[in-house]
Amino acid sequence: MFSPADNIFIILITGEFIIGILGNGYIGLVNWIDWIKKKKISTIDCILTNLVISRICLISVMVINGIVIVLYPDVNTKSKLQIVICTFWTFANYLNMWFTACLNVFYSLKVANSSHPLFLWLKRKIDMVVRWILLGCFAISLLVSLIIATVLSHDYRFHAIAKHKRNVTEMFHVSKMPYFEPLTLFNLLAIVPFIVSLMSFFLLVRSLWRHTKQIKLYATGGRDPSTEAHVRAIKTMTLLIFFFFLYYITSLLVNFSYLFTNYKLAMAFGEIVAILYPSGHSLILIILNNKLRQASVRMLTCRKIACVIG
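Residues take numbers from 1 onward in each chain, read along the sequence in its written order. Only residues with pLDDT of at least 70 are given local features in this predicted model, and only at 80 or more are side-chain atom pairs given and counted; all residues enter the totals for whole chains, interfaces and linings. Only hydrogens and water are removed before side-chain values are computed, so all heavy atoms of the structure are retained for them.

Counting secondary structure elements, the protein chain contains ten helices and zero strands. When the helices and strands of the protein chain are placed in sequence order, the string is α-α-α-α-α-α-α-α-α-α. Three labels apply to residues, based on accessible area from a 1.4 Å probe with only protein chains included: buried if under 20% of the type maximum, exposed if over 50%, partly exposed otherwise in between. The burial tally for the protein chain puts 44% of its 310 residues in the buried class. Two residues qualify as a contact provided that any one of their heavy atoms is within 4.5 Å of a heavy atom in the partner residue. Excluding contacts between residues fewer than 6 apart, the proportion of contacts in the protein chain whose partners are at least 24 apart in sequence is 79%. Total accessible area computed for the protein chain in this model is approximately 17,400 Å², and 73% of it derives from carbon and sulfur atoms. By the criteria applied, helices consist of DSSP H or I runs no shorter than four residues and strands consist of E runs no shorter than two, each listed in order from the N terminus. Reported accessibility uses the Shrake-Rupley method at a 1.4 Å probe radius. Residues are deemed covered only where the shown protein chains occlude them.

Now the structure itself:
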């Protein structure tokens, strides 16, 4: 029988799961339909489609992990399920973070202005190389997840040996330390795509600052399309980086939750907050992206008409 806290956790994580799957699924569906109609896919749609697929996988793994750890902790610690979940979570997590960094870099390159040769080269080549970049992100994520699977499999064998030969304190030491070091290291390395996103954001802000100075210098009146594009991109990236940072911190909380006295509560809180990123940010993208927003308005309008006719 589940406690009231367990029931609240189930309700919250189920709600986040539904919102995340519907939001990300909607983005993928709109881009897929547009791809079928035009017989080609734009760079931004290619990045977004890969991003939402990785997020659907990430949300699914996180929900399964949260339910198993919080509601069935013995199953998670005494079976190989931990290895499977952790491997898939690492793969989906790295994919999501790197695809998010790619999205931020794309916004920066398309909107920002700079005379630096590297920036100009990337700006010209981004549409041609983006698919190779996404493939590289996939390869990195797969490599890291395979390393994690190998390390955790080794740790599982240590745990089985210690269970028969050592006391409880020594068994904890043997089982936790090999798990702690590599997993912590790889989660700390996940800050690299976050730094890439921050660099893209500051480049965009700097470009807007320089553009605003030029406008004041030449005293041009009226609405400036470049300024509006900068502001829209900055709004999108600000929200994305906020969710990104929140997710990264809570992911670390989940990984270090076994150090807390109330392990179960720390894990449940971390899982609920962490899922806000892949679930909530998809809604932000729908609101701020013109194509996705217009598609949602058309869909709602058609539904209202159908209800009236029916």
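Moving on, we get to the packing of aromatic side chains. Ring pairs are drawn from Phe, Tyr and Trp, using the six-membered ring of Trp, whenever the two centres fall within 6.5 Å, and their geometry is named by plane angle: stacked under 30 degrees, edge-to-face over 60, tilted for the rest. By the definition in use, this model includes five aromatic pairs. Seen in terms of ring centroids, Phe194 and Phe245 are 6.1 Å apart; in terms of plane orientation they differ by 35°. Their pairing is tilted. Highlighted residues: Phe194 in helix α7 (residues 191-218) and Phe245 in helix α8 (residues 225-255), separated in sequence by 51 residues. Under the relative-accessibility criterion, Phe194 is labelled buried at 10%. Using a relative accessible area of 46% as the deciding quantity, one classes Phe245 as partly exposed. Aromatic side chains Phe201 and Phe202 sit 5.7 Å apart centroid to centroid with 65° between the ring planes, which places their arrangement in the edge-to-face category.

Moving on: the pattern of salt bridges. When a carboxyl oxygen of Asp or Glu lies within 4 Å of a side-chain nitrogen of Lys or Arg, that pair is called a salt bridge. A full pass over the atoms with the stated rule returns four salt bridges. Where Lys38 meets Asp34, a salt bridge forms, and the shortest distance between an N and an O atom there is 3.6 Å. A residue pair is termed a helical-turn pair when its members lie 3 or 4 positions apart in one helix, as Lys38 and Asp34 do in helix α1 (residues 4-38) at four residues. Across the pair Lys291 and Asp34 runs a salt bridge whose closest N-O atoms are separated by 3.5 Å.

For a helix, the expected span equals 1.5 Å multiplied by the number of residues minus one. Helix length check: helix α2 (residues 43-71) (29 residues) gives 42 Å between terminal C-alpha atoms against 42 Å at 1.5 Å per residue, within 8%. Along α2, 22 of the 29 residues are buried, which leaves the element largely enclosed by surrounding structure.

Nonpolar side chains (Val, Leu, Ile, Met, Phe, Trp, Tyr) are joined into patches within 5 Å and like charges within 9 Å, using only residues with over 30% relative accessible area and no salt bridge. On the surface, Leu29, Trp32, Ile33, Trp35 and Ile36 cluster together into a nonpolar patch covering about 510 Å² of accessible area. Take Trp35: it is sitting in helix α1. In this structure Trp35 comes out as partly exposed when scored by relative accessible area, which is 42%.

Further remarks concern the packing of α2 against helix α9 (residues 263-288). Under this scheme, a helix contributes an axis fitted over its contacting stretch, all axes are lines through C-alpha atoms, and angles between N-to-C directions fall in the 0 to 180 degree range. Packing of α2 against α9 brings their axes to within 10 Å, and their N-to-C directions diverge by 160°. In terms of orientation, α2 lies roughly antiparallel with respect to α9. As α2 runs across α9, the sense of the crossing is left-handed. Put simply, Ala, Val, Leu, Ile, Met, Phe, Trp, Tyr, Cys and Pro go in the nonpolar bin, Asp, Glu, Lys and Arg in the charged bin, and everything else, Gly too, in the polar bin. Here the residues of the contact of α2 with α9 are counted per class, giving 15 nonpolar, five polar and three charged. Any angle from 65 to 115 degrees is called roughly perpendicular, while one under 35 is roughly parallel, one over 145 is roughly antiparallel, and all others are oblique. By definition, turning the near helix anticlockwise from the far helix through less than a right angle yields a left-handed crossing, and turning it clockwise yields a right-handed one.

Definition used in this section: a nonpolar core is a set of buried Ala, Val, Leu, Ile, Met, Phe, Trp, Tyr and Cys residues joined via side-chain atoms within 4.5 Å. Of all hydrophobic cores here, the largest spans 75 residues; its most connected members are Ile27, Leu103 and Tyr247. The element contributing the most residues to this core is helix α4 (residues 81-111), with 18 residues. Setting aside its immediate chain neighbours within four residues, Leu103 contacts Ile44, Ile47, Leu48, Leu51, Leu240 and Leu285.

Here we take up α9. Taking 1.5 Å of rise per residue, 26 residues should cover 38 Å, and α9 covers 38 Å from first to last C-alpha, within 8% of that figure. The largest bend in α9 is about 35°, located at Tyr277, with the proline Pro278 one to four residues further on. One axis fitted to the seven residues ending at a residue, another fitted to the seven starting there: the angle between these axes is the bend at that residue.

UniProt marks residues 6-27, 47-71, 91-109, 129-152, 185-205, 239-260 and 266-288 with the feature "transmembrane region" (unreviewed entry), using the numbering shown here. Across residues 6-27, the secondary structure splits into 100% helix and 0% strand, with the terminal C-alpha atoms separated by 32 Å. The straight-line gap between the two end C-alpha atoms of residues 266-288 is 33 Å; of that span, 100% is helix and 0% is strand. UniProt positions are given in the numbering used here, feature names are shortened, and annotations may be inferred rather than shown by experiment.

Right, let's get into the side chain of Asn24. Tracing the backbone through its elements, the reader meets Asn24 in helix α1. Residue class for Asn24 comes out buried when judged on its relative accessible area of 1%. Whenever two N or O atoms come within 3.5 Å, that pair is a polar contact, provided that in protein one can donate a hydrogen and the other can accept it, and provided that, for residues adjacent in sequence, both atoms are side-chain atoms. Of the polar contacts made by the side chain of Asn24, one reaches the backbone oxygen of Gly20; its length is 2.8 Å. Here Pro278 takes part through its backbone oxygen, which lies 3.0 Å from a polar atom of the side chain of Asn24. Contacts of Asn24, omitting those with residues within four sequence positions, involve Val52, Arg55, Ile56, Ile59, Pro278 and Ser282.

Tracing the chain through its elements places Asn104 in helix α4. In contact with Asn104, other than residues within four places in its own chain, are Ser197, Ser200, Met237, Leu240 and Ile241.

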